[in-house]
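# Fold and geometry: a report
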Amino acid sequence: MKKLLLLFITLSLLTLAACGNGEEKNDAAKDETSEEKGTIVFGQTPWTSTAPPTQIAKQILEEQGYTVEVKHVSQPIIWDGMSNKEIDFFMDAWLPYTEAPRWEEYKDELVKVATSYKNAQLGLAVPSYVEENSIEDLKANAEKYNGQILTIAEGAGIVNIAKELVKGENLDESGFELKTSSEGAMISAAQSKIDDKEPVVFTPWRPHSVFARNDLKFLEGQGDYFKADNVYVLSYKGIKEAHPEAYKILSNWSISIPEIESMISKNEQNGTSFEKLAAEWIEKNRDKVDQMIGK
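Below, the structure is looked at part by part.

Definitions and limits used
Residues numbered from 1 in each chain as written. Predicted model: local features only at pLDDT ≥ 70, side-chain atom pairs only at ≥ 80, totals over all residues. Heavy atoms only, no water. Helix = DSSP H or I, 4+ residues; strand = E, 2+ residues; numbered from the N terminus. Buried < 20%, exposed > 50% of the residue type's maximum accessible area, 1.4 Å probe, protein only. Contact = heavy atoms within 4.5 Å. Areas by Shrake-Rupley, 256 points an atom, 1.4 Å probe, with all protein chains shown as cover. 1 Å grid on protein atoms, 1.4 Å probe; cavity = no way out; pocket = protein on both sides within 12 Å on 5 of 7 lines; lining within 4 Å. Points joined across faces, edges and corners; volume = space filled by probe spheres on them. Nonpolar A, V, L, I, M, F, W, Y, C, P; charged D, E, K, R; others polar. Phe/Tyr/Trp six-rings, centres within 6.5 Å; stacked < 30°, edge-to-face > 60°. Lys NZ or Arg CZ within 6 Å of the ring centre and 35° of its normal. Salt bridge = Lys/Arg side-chain N within 4 Å of Asp/Glu carboxyl O. Expected span 1.5 Å × (residues − 1). Pairing = 2+ DSSP bridges. Axes fitted to C-alpha atoms, helices over the stretch in contact; angles between N-to-C directions. Left-handed = near helix turned anticlockwise from the far one by under 90°. Parallel < 35°, antiparallel > 145°, perpendicular 65-115°, else oblique.

### Observations concerning the overall build of the protein chain
Helix and strand counts for the protein chain stand at 13 helices and nine strands. Across the 295 residues in the protein chain, those meeting the buried criterion constitute 46%. Across the protein chain, contacts joining residues at least 24 apart in sequence account for 79% of those joining residues at least 6 apart. Summed over its atoms, the accessible surface of the protein chain is roughly 15,000 Å², and 49% of this surface lies on carbon and sulfur atoms.

Written out as C-alpha cells, the structure is:
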C-alpha cells in the first residue's frame, strides 16, 4: 500500500512539473512574440474625438501581440513626434483644409495610412434658437454675445482658422475676440449658455457629443475659412517597413461619425471608459476587425 501511495505521489509531482514547464514555455512564447513585433506608440490629443479611434486601434494591435503605448500630448507635439519616429500613429488628422499649414510643413516626412471618416464639419456655430444665421448677422450683435467667440487651446488648426476668420471678416472691429481654452472648458461654457437659452458662439466640430445633446447650426458665410475635412490616420514614411503588420491592419481602418459621437456620449453621460467602449465596438464589429487583420 505504501509503495502504491509513493508511486501516486511521484507521478503527481511529475505531472505538475510538466504542466508548469508548459505554462512557462507558453508565457515565454508570448513574451517572445510581443518582443518580436515590438512596441507601437500612438499620439492622443485631449480632444474627445481622438480617444475612440485610438483606443480601438490600440486594442486591435494588442490582440495581435503588439505592445502598445498611448502618449497623451498636444497635437503639435504629436506631429513632431511622428516626424522623429517617436510616435508611430495619429488617428485624428484633419485634411486637406484644417491642418493644411502643418501638413505642408511635415508632408515630406509623413504618410496618410487610412481615411478614418469623411466630410467632418467644423467652424463657428450657434444654437438654433438664436436669430443669427450668418457671419454678417453676427457682426451687428457683438454685445449680445458678450464680444466672445469661444474656442479651444492654441496650436489646433481650428483655432488658427478661427483667427483668420475673425480678422478677415472684421469681427474684431465689430467687437469680437477669440477666447481660447481647453475643449472641456469651451464645451462647458457653451453648454451652460445653451441650458439657459442664452446666445453663444463657439467652434465645435463633428464628431462631438455636443451635437447629440443640442440643436446647433453652423453660421453661413465662413466657407472661405472652414471647409469640411476628411480625417486621416497618419504615420511617418518608413512605417510600412518598420511595422509592416501594424501598417497593414491600420491601412484598413475606418469608422463613422455617428459611431464616434455615440461613444463620446456614453463616456460623458454614463462615465463608461473609452477602453470599455472600444472593447464593445470591437466585439460588435468583429467581422470588420477580422477583415482588418486579414482573417
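### As for the environment of Leu171
Looking at the secondary structure, you find Leu171 in the loop between helix 6 (157–168) and strand 7 (177–179). Residue classification places Leu171 among the buried positions, given a relative accessible area of 0%. Separated by 31 residues in the primary sequence, Leu171 and Ala140 have C-alpha atoms spaced 9.3 Å apart. Residues in contact with Leu171, not counting those within four places in the same chain, are Leu124, Ile135, Leu138, Lys139, Ile149, Leu165, Val166 and Phe176.

### Structural notes on empty space enclosed by the protein
Applying the stated criterion across every chain, the model contains one cavity of 30 Å³ or more. What the largest cavity holds in volume is close to 100 Å³. Around the largest cavity, the lining residues are Trp47, Ser49, Gln75, Trp94, Thr98, Glu99, Leu122, Ile152, Ala156, Gly157, Ile158 and Trp205. Residue classes in the lining of the largest cavity are distributed as seven nonpolar, four polar and one charged.

### Considering the packing of aromatic side chains
This model, assessed by the stated rule, comprises five aromatic pairs. With a centroid separation of 5.6 Å and 55 degrees between ring planes, the pair formed by Trp253 and Trp281 is classed as tilted. Of the two residues, Trp253 is situated in the loop between helix 10 (244–250) and helix 11 (257–270) and Trp281 in helix 12 (residues 274–284); the sequence distance between them amounts to 28 residues. Note on accessibility: Trp253 and Trp281 belong to one class, buried. Of note, Arg206 hangs over the ring of Phe211, and the distance from its end group to the ring centre comes to 5.6 Å. Cation over ring: Lys227 sits above Tyr97, and NZ or CZ is 5.5 Å from the ring centre.

### Overview of the pattern of salt bridges
Applying the stated rule across the entire model yields 12 salt bridges. Of the charged contacts, one joins Arg102 and Glu99 as a salt bridge, the two residues approaching to 3.1 Å between their closest N and O atoms. The shortest N-O distance in the salt bridge between Glu261 and Arg206 comes to 2.7 Å. Residue Glu261 is found in helix 11, and its partner Arg206 is found in the loop between helix 7 (183–195) and helix 8 (209–213); the two are separated by 55 residues along the sequence.

### A few points about helix 6
In this model helix 6 runs 16 Å from its N-terminal to its C-terminal C-alpha over 12 residues, within 8% of the 16 Å that 1.5 Å per residue would give. Among the residues of helix 6, Gly157, Ile158, Val159, Ile161, Ala162, Leu165 and Val166 are the ones counted as buried. Residues of helix 6 that are buried in the fold lie against helix 3 (75–83), helix 5 (135–139), strand 6 (148–150) and strand 7. Looking one or two residues beyond helix 6, the residue adopting positive phi is Asn170, at roughly 60 degrees.

### Describing the pairing of strand 2 (residues 67–72)
As judged from the six bridges shared by strand 1 (residues 39–44) and strand 2, these two strands associate in the parallel manner. From the neighbouring strand, Phe42 faces strand 2, where its bridge partner is Val70.

### Comments concerning the packing of helix 2 (residues 51–63) against helix 12
Here helix 2 crosses helix 12 at 65 degrees, and the two axes come no closer than 8 Å. In this structure, the crossing between helix 2 and helix 12 has a hand that is right-handed. For the pair helix 2 and helix 12, the contacting residues are Ala51, Pro52, Gln55, Ile56, Gln59, Ile60 and Glu63 in the first and Phe274, Glu275, Ala278, Ala279, Trp281 and Ile282 in the second. Residue composition of the contact of helix 2 with helix 12, by class: nine nonpolar, two polar and two charged.

### Structural notes on helix 3
All buried positions along helix 3 are accounted for by Gln75, Ile78, Trp79, Gly81, Met82 and Ser83. At its buried positions, helix 3 is contacted by strand 1, strand 3 (89–95), helix 4 (100–106), strand 4 (110–120), helix 6 and strand 9 (229–236). In the segment just after helix 3, Lys85 is the residue with positive phi, at about 60 degrees.

### Some remarks on the environment of Ile194
Tracing the sequence through the fold places Ile194 in helix 7. Filtering out sequence-adjacent residues up to four positions away, Ile194 remains in contact with Pro127, Tyr129, Val200, Asn214 and Leu216.

### Looking at the packing of helix 11 against helix 12
Closest axis-to-axis distance for the helix 11/helix 12 pair is 10 Å, and the angle between their directions is 140 degrees. Between helix 11 and helix 12, the interaxial angle falls into the category oblique. Taken as a pair, helix 11 and helix 12 cross one another with a handedness that is right-handed. Contacts between helix 11 and helix 12 involve Glu259, Met263, Ile264, Lys266 and Asn267 from the first element and Phe274, Leu277, Ala278 and Trp281 from the second. Residues of the contact of helix 11 with helix 12, tallied by class, amount to six nonpolar, one polar and two charged.

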